[in-house]
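# Structure assessment
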Amino acid sequence: MTDMRYAKELMAAAVLVLVAGCGPTWSSSELKTAPTAAATVTGAASTSESTPTDASRILVTEDDITDRAYAVLGDLKVTVNKTTIFNQDPTRELVDAELRKEAAKIGADAVILVRYGTVGISFTSWGSLDGQGRAIAFTD
Amino acid sequence: MARAARSPSPISLLVGLVAVVVLAACARRAPDLPPDYGSVTADQALTAEAFSSADRARTCGDIDTELAVIADKARALDDGIRAKSQTNQAVVYIAGVIAAPLVDYSIEAKESLDTLQARHDDLISLKRYKACL
């Protein structure tokens, strides 16, 4: 009987640790690098040659940028998932933050043409929201 | 020896039903990105044939106005889907796959969002073609 009680307490503690250890959301990402990215960034924007940039300074926009020349570094796809059914659904702001984080890793200055999915149930989460965007580096 | 046709097992039917509910109630994927026509290494150039004559006649101001309208419509549709999302999750969580008929799939709203995104992409490329700032 005592063993059973300990087992239950251990199970409850494990669940508590698991839930407490997890944030309200978790995410995944995918990068499809542009075939010409390395050459372009090296040649035209040598200062940002795949050097990680500051994520907080990366512009994220649903539009194109027409007043500055840019090179494409790659197409980003991110998904933000809520950890449990009791967490808030992921927002576009969280998707933007994830896009910024991934774009910073490849030295981007901006993520353009951003588009979002709609929040809903997925095979891995009670609430998922994805987004895509094109990571670019300015060349002028 | 010929085998008699077997009907699907209850388990495979249940798995199929779960998949249908999850896939339909679920998150709509973000539409694919358009081709690269704006970078210094773009391998595709925009030509007049890519746009209707009515679109070509539009001013940059007209395009911005329509983009704003699209953004408002998309936001309203997204808000509507988001508002139903929590209810859908609760319904499926409590009642499982038998709740399939109670789930609000928002199929029309999701299709409208795809249509709006396609138009948004057209207008963005039109802005580049017309060299709007």
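Scroll up a little and you will see the structure.
Read on for a plain summary of the structure. Keep in mind that what you see is a predicted model, and the values were worked out from it rather than measured.

The next thing to look at is the overall build of chain A. The secondary structure content of chain A amounts to 3 helices and 5 strands. Counted from the first residue to the last, chain A has its helices and strands arranged as α-β-α-β-β-α-β-β. The buried share among the 140 residues of chain A stands at 44%. Residue pairs at least 24 apart in sequence account for 79% of intrachain contacts in chain A once pairs closer than 6 positions are excluded. Carbon and sulfur atoms make up 59% of the accessible area of chain A, which totals about 7300 Å².

Further remarks concern helix H4 (residues 107-129) of chain B. Every α-helical turn comprises 3.6 residues, leaving residues that sit three or four positions apart pointing alike. All names here are of chain B. For H4, built from 23 residues, the straight-helix expectation of 33 Å at 1.5 Å per residue is met to within 8% by its first-to-last C-alpha distance of 33 Å. Buried within H4 are the following residues: Ala109, Lys110, Leu113, Leu116, Gln117, His120, Asp121, Leu123, Ile124, Ser125, Leu126 and Lys127. A positive backbone phi angle near 55° is found at Ala131, which sits one or two residues after H4.

Moving on, we come to unusual backbone geometry. With a phi close to 55°, Leu113(A) is a non-glycine residue in the positive phi region. Exposure remark for Leu113(A): the relative accessible area of 3% places this residue in the buried category. A positive phi angle is found at Ala131(B), which is not glycine, with a value near 55°. Note on placement: Ala131(B) falls in the segment after H4.

This brings us to the sheet that holds strand E5 (residues 128-138) of chain A. Residue and element names in this part refer to chain A. Read from one edge of the open sheet, 5 strands run E1-E3-E5-E4-E2, paired in mixed fashion. The open sheet has two edge strands, strand E1 (25-33) and strand E2 (59-60), and neither has a second partner. The pairing of E2 with strand E4 (residues 110-116) spans 2 bridges and is parallel. Residue pairing in the sheet places Leu59 in a bridge with Ala110 of E4.

Once that is clear, we can look at the nonpolar core. Counting residues in each nonpolar core, the largest one holds 24 residues, and the members touching the most others are Ile65(A), Tyr70(A), Ile112(A), Ile136(A), Phe138(A), Ile63(B) and Leu123(B). Mapped onto this core, the elements with two or more residues apiece are strand E3 (70-82), E4 and E5 of chain A together with helix H3 (60-95) and H4 of chain B. When residues in this core are grouped by element, the largest group, 6 residues, is from H4(B). For Ile65(A), the residues in contact, after removing those within four places along its chain, are Leu59(A), Tyr70(A), Ala110(A), Ile112(A), Ile136(A), Phe138(A) and Arg128(B). One finds Val60(A), Ala104(A), Val114(A) and Tyr116(A) within the second-largest nonpolar core, a separate group that totals 18 residues.

A few words now on the packing of aromatic side chains. Tallied over the entire structure, the rule returns 1 aromatic pair over all chains. Judged by centre distance (5.2 Å) and plane angle (40°), the ring pair of Phe51(B) and Tyr129(B) falls under tilted. Linking Phe51(B) in the loop between helix H1 (10-25) and helix H2 (53-56) with Tyr129(B) in helix H4, this pair joins segments that are 78 residues apart in sequence. Taking NZ or CZ as reference, Arg68(A) lies 4.0 Å from the ring centre of Phe138(A), over its face.

This part covers the pattern of salt bridges. All names here are of chain B. A full pass over the atoms with the stated rule returns 16 salt bridges over all chains. One salt bridge in this structure joins Asp114 and Arg28, with 2.9 Å as the shortest N-O distance. Of this pair, Asp114 sits in helix H4 while Arg28 sits in the loop between H1 and H2, placing them 86 residues apart in sequence. Here Arg28 falls in the buried class, since its relative accessible area comes to 9%.

To continue, consider helix H3 (residues 92-105) of chain A. Residue and element names in this part refer to chain A. Given a rise of 1.5 Å per residue, 14 residues ought to cover 20 Å, and the 20 Å separating the end C-alpha atoms of H3 matches this to within 8%. Residues of H3 that are buried: Val95, Asp96, Glu98, Leu99, Glu102, Ala103 and Ala104. Packed against the buried residues of H3 are E1, E2, E3, E4 and E5.

Here we come to the state of the cysteines. Each disulfide consists of a covalent bond between the sulfur atoms of two cysteine residues. Residue and element names in this part refer to chain B. Counted under the stated rule, the structure contains 1 disulfide over all chains. One disulfide bridge connects Cys60 with Cys132, the sulfur atoms lying 2.0 Å from each other. Here Cys60 and Cys132 share a disulfide; its torsion about the S-S bond, -85°, makes the bridge left-handed. Of this pair, Cys60 sits in helix H3 while Cys132 sits in the segment after H4; the two residues are 72 residues apart in sequence, bridging distant segments of the chain.

Thresholds, definitions, all that
Residues numbered from 1 in each chain as written. Chains lettered and ligands numbered in written order. Predicted model: local features only at pLDDT ≥ 70, side-chain atom pairs only at ≥ 80, totals over all residues. Heavy atoms only, no water. Helix = DSSP H or I, 4+ residues; strand = E, 2+ residues; numbered from the N terminus. Buried < 20%, exposed > 50% of the residue type's maximum accessible area, 1.4 Å probe, protein only. Contact = heavy atoms within 4.5 Å. Areas by Shrake-Rupley, 256 points an atom, 1.4 Å probe, with all protein chains shown as cover. Expected span 1.5 Å × (residues − 1). Pairing = 2+ DSSP bridges. Core = buried A, V, L, I, M, F, W, Y, C linked by side-chain atoms within 4.5 Å. Phe/Tyr/Trp six-rings, centres within 6.5 Å; stacked < 30°, edge-to-face > 60°. Lys NZ or Arg CZ within 6 Å of the ring centre and 35° of its normal. Salt bridge = Lys/Arg side-chain N within 4 Å of Asp/Glu carboxyl O. Disulfide = S-S within 2.5 Å.

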